[in-house]
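Coordinates in review
These are the residues of each chain, in order.
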Amino acid sequence: MINFEFPFDDIWGVILLFLLAAILALQVMFVLSTKNLSPTRKAIRMGLNILFLISVAMLILAPYAEKESVAIKILVYDGSNSREAAQYWKDSLGLPEMITIDDYEGKRNEVFLLGHNFQPEDLAKLHGSSVEWFSDFKVREFTNLHWEGILRQGEMQTVRGNLEFTEATEISIHFGDEKLDSLLLSPSEHNFKLQFQAKASGRNELSLRVNGEEKGLIRFFAVPNAALHYNLLFSYPDMEIRRLAEWLGRQGQDLSSSIQTSTEAQQTARTGAETAQFYITEPTMANTPAIKQAAEKGASLLFTNFDNPETQILQINRAFGTRFQLNRLSQEGNRQIESNLTALPYRMTEKSNQWEFFDGAFAYQELGGIKIGVSLLENTFPIAFQGDTVRYGEIWDQIFNPMRPAEGDYFSIQQPVFSNLAMDFEINSPNSLEEVIFEQDTVFLGSSAINSFVKKGKWIPSGEGWIGFADSLEVYVYGEEFGQAYQNHLISHFIKHQHSSRTTESITEKSAPSPWWLFGLIVISASLLWVEPRVNN
């Protein structure tokens, strides 16, 4: 089937065709009306005119033919794989052909991609093909890495990934000489998760190591915390609560505490303060108007000091619509969480939109913009009395920081972000944001179809290093520091976003004459038209 690719609108293409036809008709009439030419010369001159005009028309209208052909299954491999290794994969997959990416001509085939050492210009050859990727990563290299690029100060950072290795391997994260977390993996394990607290505000750069050898830096930005007012509301402040109030005061926190019965709490709760509110109370206060009003104003609520957990958890669920659920682990006394730290003999059941710590002894749920938590921990104060005030503070920071009330716009950016690769991000904001500025780039936002407070954007960074955005935030853009993770991200991004017909049955190929061949035909026919009248009969 013959088609044309008009370089302009169809109407102009039609006009051009009529114009060429008119010129051809005039030429034919002029040749036929010439009396001093023999029939043979008239035929030659008309033929040359027809050839010249057809060549011009073909060059302008770009005709091409389409034909259906069967898609070929082919193994395409990179330069890091030997021909012997590629042959092994070809035979294992039962493929008829194999070729290096350098020699591949970019036909739309069913491609089985082997290796990881591909550049963007290599992947461009695969556009429109059906691609299945088989990675062949090196030992002791990270093939996947993920962590949050923006956190609140004090929140828990989680680094997840995959590491290829053949022997027992320790993965660790370090801040200077301090080891923040580590994990020993057996040869049968490849996925890992490291957790630590983002203590410092601003830029954070931590060393990720494998068996003590640094493999790269984990970089993220921690947003400083805004002012927060803590309210302690209990019917009887035991030693645990008194020690907590003392510790908050020493931290310089804005604090108020009340000793009240649930009846007295009907009219007393500090809800008119300008700063964000965080209430620490007991389950019996869950149904009081004071706590309900605090929740309506966006305060975070932490319930502790349980004496009948199963019944009181149900009361909290009914009061706020939460979905906390307990699993009883023992009929005996408290269970040991760690040295000098115990909890009631229950574990919180893991559920979506809930986060749990301390082996399920503490959990919180985000519901309608507020955070509601329950703590089954018992007697943390002995840790402080024994002189370990650092550990005591870490325990309560791990509870308080994730539950902080929403403070302004919250950005979610998944690291690592690589130069020249698209970065998707989200913003949870009550404000009507329409754009975000990354240095000199303006990114326009779209709203989520599920949550009107969530905006989404896509940005392609061109440089490397720390990049400022949204006035006071920063994101780090990597080059190829985590080499194999970069390659994995590059290839996965290409496969995800390419527009392929994904057909394995047949493909449609275009066949068009070379423009240089047509240009040569025009020159030759024009030359013959000039020479022909000058040749004697």
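The numbers attached to residues start from 1 for each chain and follow its sequence in the written order. Residues qualify for local features only when their pLDDT is at least 70, as the model is predicted, and side-chain atom pairs are given and counted only at 80 or more; totals for whole chains, interfaces and linings, by contrast, use all residues. As a convention, hydrogens and water are excluded, and side-chain values are obtained from all of the structure's heavy atoms.

1. A look at the sheet that holds strand β21 (residues 341–343)
Pairing is antiparallel in the open sheet, where 3 strands are placed in the order β20-β21-β26. Taken across any chain shown, the strands that pair with only one partner, and hence form the sheet edges, are β20 (335–338) and β26 (377–378). Strands are labelled as partners when DSSP assigns at least two bridges between them. A helix here means a DSSP run of H or I that spans at least four residues, while a strand means a run of E at least two residues long, and both kinds are numbered starting from the N terminus. The pairing of β20 with β21 spans 3 bridges and is antiparallel. Looking across to β21, one finds that Glu338 is bridged to Leu341.

2. Re the side chain of Asn317
Topologically, Asn317 is positioned in helix α7 (residues 309–320). Throughout this description, buried means an accessible area under 20% of the type-specific maximum (1.4 Å probe, protein chains only), exposed means over 50%, and partly exposed covers the range between. By relative accessible area, Asn317 is classed as buried at 13%. Two residues qualify as a contact provided that any one of their heavy atoms is within 4.5 Å of a heavy atom in the partner residue. Once residues within four sequence positions are removed from consideration, Asn317 is found in contact with Thr322, Arg323 and Phe324.

3. Brief notes about the pattern of salt bridges
Here, a salt bridge means any side-chain nitrogen of Lys or Arg that lies within 4 Å of a carboxyl oxygen of Asp or Glu. Applying the stated criterion to the full structure yields 16 salt bridges. Across the pair Glu170 and Lys179 runs a salt bridge whose closest N-O atoms are separated by 3.3 Å. Relative accessible area serves as the criterion here: at 41%, Lys179 is assigned to the partly exposed category. The salt bridge partner of Glu481 is Arg219, with a shortest N-O separation of 2.8 Å. Here Glu481 is found in the loop between β35 (473–478) and α10 (483–497), whereas its partner Arg219 is found in strand β14 (residues 213–223), with 262 residues between them in sequence. Relative accessible area serves as the criterion here: at 8%, Arg219 is assigned to the buried category. Ionic contacts of the salt-bridge type, sharing partners, join the residues Lys199, Glu338, Arg391 and Glu394 into one network.

4. Regarding the confidence of the model for the protein chain
What pLDDT expresses is the predictor's confidence in each residue, scored from 0 to 100. Within the protein chain, residue pLDDT values average 82, and 88% of them lie at 70 or more. In the model of the protein chain, strand β36 (residues 506–511) stands out as the element of lowest mean pLDDT, 59, in contrast to strand β18 (residues 300–303), which has the highest, 95. Overall, residues 261–273 carries pLDDT values under 50, and its contacts beyond four positions in sequence, including any with other chains, amount to 28 contacts. Considering only residues more than four positions removed or in separate chains, one finds that residues 500–504, a stretch of pLDDT under 50, has 12 contacts.

5. Describing the environment of Lys456
The residue Lys456 is located in strand β33 (residues 454–459) in this model. Lys456 sits in the partly exposed class, given a relative accessible area of 42%. Look past the residues within four positions of Lys456 in its chain and what remains in contact with it is Phe425, Glu426, Phe444, Leu445, Gly446 and Ser448.

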